[in-house]
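Chain residues, written in single-letter form:
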Amino acid sequence: MIPTINNLLINRIFSRFQDRFHSLPQFVVRAPGRINLLGEHVDYNGGFVMPAAIDRATYLVFSAANESTSTIFADDMQQEIVISNESAIKRTQFEGSALPDWGLYPAGICSVLQQQGIAVISLKGVFASDVPIGAGLSSSASVEVAFLNAWLTLGGNTLPLMEQARLCQRAENEYVGVNCGIMDQFASICGQTDRLLYLDCRTLEWETLP
């Protein structure tokens with residue numbers, strides 16, 4: 001992983017947050033995409049994989065919301081969703097309309113955290129990404145990881161890294177409906193500077209390599 005920060009993108013979503021919510025965000029989360037050197041399509045078959053986090057990432061600026069709903073603006077899509085904890089479980093927005101495709105990723109995280117018994121604090125947030133969509137660099141996993149960390153931060157919760165990866169995978173499998181393995185979410189959460197990741201997908205034992 002190259003520790004490059006996209007300050008232009010951060011400044012853009014900071015400004016968007018201020019315009020939309022008339023305040024400054026409390027937090028910034030960065031969740032990287034990944035490349036894969038070994039094991040394409042074998043993570044969900046119990047194989048060995050060797051991914052690495054990259055310098056492209058999803059950025060999320062956010063604050064706690066003083067209301068019962070979360071308002072999330074996707075700057076790349078120029079779209080917004082409003083969800084409650086209850087509507088997220090039902091896969092709808094707060095007022096009952098269907099979620100857009102991109103909205104399934106944060107809503108899925110909201111849902112699986114509740115199913116795990118972890119309190120979800122309402123937030124207001126703006127996110128954008130420089131991970132190309134559809135390029136095989138795990139843009140969706142980076143969105144899941146960003147929102148997982150946002151809700152864990154607001155709730156004052158911590159989880160082991162692999163448990164975080166498993167929750168994000170669960171959101172993608174059960175909520176979004178993509179039968180992916182754990183490699184993408186694992187790489188985004190566990191990536192380290194100048195290191196490859198080596199993961200046994202049967203046992204979930206892992207190590208880093210130069």
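Report on the accompanying structure. (Residues numbered from 1 in each chain as written. Predicted model: local features only at pLDDT ≥ 70, side-chain atom pairs only at ≥ 80, totals over all residues. Heavy atoms only, no water.)

Further remarks concern the overall build of the protein. Tallying secondary structure elements over the protein gives six helices and seven strands in all. Its C-alpha atoms give the protein a radius of gyration of 16 Å, within 12% of the compact-globule value 17 Å for 210 residues. Its C-alpha atoms put the protein at 45 × 35 × 30 Å along the principal axes. The buried share of the protein, reckoned over its 210 residues, is 55%. For the protein, the accessible surface area stands at approximately 9500 Å², while carbon and sulfur atoms represent 51% of it. In the protein, which carries 13 positive and 21 negative side-chain charges, the distance between the mean positions of the two groups comes to 2 Å. (Helix = DSSP H or I, 4+ residues; strand = E, 2+ residues; numbered from the N terminus. Rg over C-alpha atoms; globule rule 2.2 N^0.38 Å. Buried < 20%, exposed > 50% of the residue type's maximum accessible area, 1.4 Å probe, protein only. Areas by Shrake-Rupley, 256 points an atom, 1.4 Å probe, with all protein chains shown as cover. Lys, Arg positive; Asp, Glu negative; His and termini not counted. Charge placed at Lys NZ, Arg CZ, Asp CG, Glu CD.)

This brings us to the packing of helix α4 (residues 139-155) against helix α6 (residues 183-190). Here α4 crosses α6 at 55 degrees, and the two axes come no closer than 9 Å. When the interaxial angle is binned, α4 and α6 end up oblique. Considering only the axes of α4 and α6, their crossing is right-handed. On α6, the residues touching A141, S142, E144 and V145 of α4 are D184, Q185, S188 and I189. Residue composition of the contact of α4 with α6, by class: three nonpolar, three polar and two charged. (Axes fitted to C-alpha atoms, helices over the stretch in contact; angles between N-to-C directions. Parallel < 35°, antiparallel > 145°, perpendicular 65-115°, else oblique. Left-handed = near helix turned anticlockwise from the far one by under 90°. Contact = heavy atoms within 4.5 Å. Nonpolar A, V, L, I, M, F, W, Y, C, P; charged D, E, K, R; others polar.)

Moving on, we come to the packing of helix α3 (residues 104-115) against helix α5 (residues 161-176). It is at 9 Å that the axes of α3 and α5 come closest, and there the two elements cross at 110 degrees. Compared by their axis directions, α3 and α5 come out roughly perpendicular. Crossing geometry of α3 relative to α5 is assigned as right-handed. Residue-level inspection shows L104, Y105, A107, G108, I109, S111, V112, L113 and Q115 of α3 in contact with α5, the latter providing L167, C168, R170, A171, E172, E174, Y175 and V176. Within the contact of α3 with α5, the residues separate by chemical class into 11 nonpolar, three polar and three charged.

Looking now at the state of the cysteines. Between two cysteines, a covalent bond joining their sulfur atoms is known as a disulfide. One pass over the full model with this rule turns up zero disulfides. Here C168 stays free of any disulfide, with the sulfur of C180 as its closest cysteine sulfur at 9.9 Å. (Disulfide = S-S within 2.5 Å.)

A few words now on the pairing of strand β6 (residues 196-200). Burial of β6 is extensive: four of the five residues sit out of reach of the surface. Relative to β6, strand β2 (residues 48-64) runs antiparallel, the two sharing two bridges. Opposite F48, over in β6, you have D200 as the bridge partner. Where β6 meets strand β7 (residues 206-209), four bridges bridge the pair, whose relative direction is antiparallel. Within the sheet, the bridge partner assigned to L196 lies in β7 and is L209. Connecting β6 to the next strand, β7, in antiparallel fashion are five residues, including L204 with a positive phi near 65 degrees. (Pairing = 2+ DSSP bridges.)

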